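Here's the letter readout for the chains.
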Amino acid sequence: MSQKIQPPKGTRDFYPADMAIQNHIFGAWRRVCARFGFQEYEGPSFEHLEMYTGKSGDEIVGQLYNFTDKGGRDIALRPEMTPTLARLANQLGRNLRKPARWFSLPRLWRYEKQQRGRLREFFQLNMDILGSDNVSADAELIAAACRICEELGLKSGDVVARISSRRLISTLLDELGCTDKPPVYLALDRREKLPREDFVKGLGEAGLTEDGIRRLDALFDAKSLAEVTDLVSSDDAKAALAELETLFQLLAAHGVADWCKFDPTVVRGLAYYTGVVYELFDAGRSLRAIAGGGRYDDLLSKMGGERMPAVGFGMGDVVIAELLKDKGLLPTGIPGPDLWLVSVDGDEIRQAAVAAKLRAAGKEVGFAFGGGKLGKQMQAAQENGAKRAVFVGSDRVAADQVEVKDLATGEQTVSTVEALCL
RNA sequence: GUGGCUGUAGCUCAGUUGGUUAGAGCUCCUGAUUGUGGUUCAGGAGGUCGUGGGUUCAAGUCCCAUCAGCCACCCCA
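Basis of the calculations
- Numbering of residues starts from 1 in every chain and runs along the sequence as written.
- Going through the entries in the order they are written, you letter the chains from A and number the ligands from 1.
- Predicted model: local features are reported for residues with pLDDT of at least 70 only, side-chain atom pairs are reported and counted for 80 or more only, and whole-chain, interface and lining totals are derived from all residues.
- Only heavy atoms go into the side-chain values, all of them from the structure, while hydrogens and water stay out.
- What makes two strands pair is DSSP finding at least two bridges between them.
- A helix here means a DSSP run of H or I that spans at least four residues, while a strand means a run of E at least two residues long, and both kinds are numbered starting from the N terminus.
- Axes here mean lines fitted to C-alpha atoms, for a helix over just the part in contact, with angles spanning 0 to 180 degrees between N-to-C directions.
- Near is defined per residue: the residue qualifies when any heavy atom it owns lies within 4 Å of the molecule or strand.
- Throughout this description, a polar contact denotes any pair of N or O atoms lying within 3.5 Å of each other; where both atoms belong to protein, one of them has to be capable of donating a hydrogen while the other can accept it, and for residues adjacent in sequence the pair is counted only when both atoms sit in side chains.
- Side-chain classes follow a simple rule in which Ala, Val, Leu, Ile, Met, Phe, Trp, Tyr, Cys and Pro form the nonpolar group, Asp, Glu, Lys and Arg form the charged group, and the remainder, Gly included, forms the polar group.

1. Describing the sheet that holds strand E4 (residues 74-77)
Thinking step 1. Strand order across the open sheet formed by 3 strands is E2-E4-E3, with antiparallel pairing between neighbours. At either end of the open sheet lies a strand with only one pairing partner, and these are strand E2 (46-48) and strand E3 (66-68). In this sheet, adjacent strand axes meet at a mean angle of 30° when their direction is disregarded.
Thinking step 2. As paired elements, E2 and E4 share 3 bridges and run antiparallel to each other. The residue of E4 that forms the bridge with glutamate 47 is alanine 76.

Here you go:
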């Protein structure tokens, strides 16, 4: 047993039953994307290493699967899709029809220690809208993320989209005289984890006064947008707040208000977010984030293109599958053919001919090789997930007839191959 | 990268204070059922106890290392 080669750490094997689950999730992703008018794109599964180091610095290399190819090029398996998307968009330049609504289902790789909901190889739905400043685009994506959860059988009480705004925090920090924002974002992101004094100290070093820290606390403790109104005074901050209010009106119009909640503590560690940010979690918070995203208006220009407002989110396949499993919402068994031929007289020539005729008519047909006892053939029909058994070569019916048994109900009827082709 | 827990048949697990041929359920195979599956009954196959080393008269049971899994931290694109 130990001699057998195991799959590499953090990877998964997909047996038919696993693929059925995978296809269940992918199917929901594709259906909702289609309903929202998104178009699918793809890119290479590996890119130049600098595409990732340029954005996040060299320490990112520790989390990449990278290598030098035979031509001496530094290559990395893609750990995320957004840089590839940005590259594609920048290549198109002005030929990109805006706003573009694009989605992709990339397989991604990250060299990380695996845990529940986090593997080294996984899939992630990416939905992005390029070229729209409008908050309607933000709403569109949040609504899509909620609809995907719904499509998979989850209820609004199972999942909550926690929504905040980088812009709101940023403009408030301007008001408070903050000179160095990135460290503040980091501190805010860990507000619940850091000891209080470290939190206060960190903010103080970033130029915040005691009064400023008090106002930040008030923002982070706010349970609704209304509570924030009194906390902001600058025009910029008021505009950011108004944008959030519009967002929630739009989300209500989309019919996903029950799924969404204003939560100022959502900051997201990623530096490139500039506006609305959100994360979807299971209500019990027992798992990692199901999805996360936001507005990143400056990213494409930073990657060498022209300014291009953009919004997007990513939803991994691992966490959502865990949640569906916990909720008992995963399909069981393997998908089988509609029909399973059972040869009564052992005439495999005739069986093959019947199968060919049915298949030509578009029917799904399987059968056991080499015939065998009817009990065995019936068992094979069941094990292969067939819905109906078709007895071919029965002497109980006319030569051109077959007996058809519904495996779920046990009901058996007489028919003909021609009738089954319809 | 740091810390903790775990690793026994294909799967889920039980194995007393270290002591004769390592157990159960499920799965699988065969038969009851030579024209019909899912139920039931009977029988059978399948582990040297993750791997390597050490302690001991004796180790699945103790110690070390290593690999793998789980959990937390870190990180989270």
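The rest of the description comes next.
2. Things to note about the protein's contact with RNA strand B
Thinking step 1. In the region of RNA strand B, 39 residues are neighbours, and Arg116, Arg190, Asp395, Glu403 and Leu407 sit closest.
Thinking step 2. Of all RNA strand B atoms lying within 4 Å of any protein atom, the proportion belonging to sugar or phosphate reaches 54%.
Thinking step 3. Separating a base oxygen of RNA strand B from a side-chain N or O atom of glutamate 112 is a distance of 3.5 Å.
Thinking step 4. Between leucine 407 and RNA strand B, the recorded distance is 2.5 Å, taken from a backbone N or O atom to a base nitrogen.
Thinking step 5. For the surface near RNA strand B, the secondary structure elements donating two or more residues are helix H14 (374-383) and strand E16 (401-406).
Thinking step 6. Considering every element that reaches the surface near RNA strand B, the biggest residue donor is H14, with 6 residues.
Thinking step 7. For the surface near RNA strand B, the residue count by class is 10 nonpolar, 13 polar and 16 charged.

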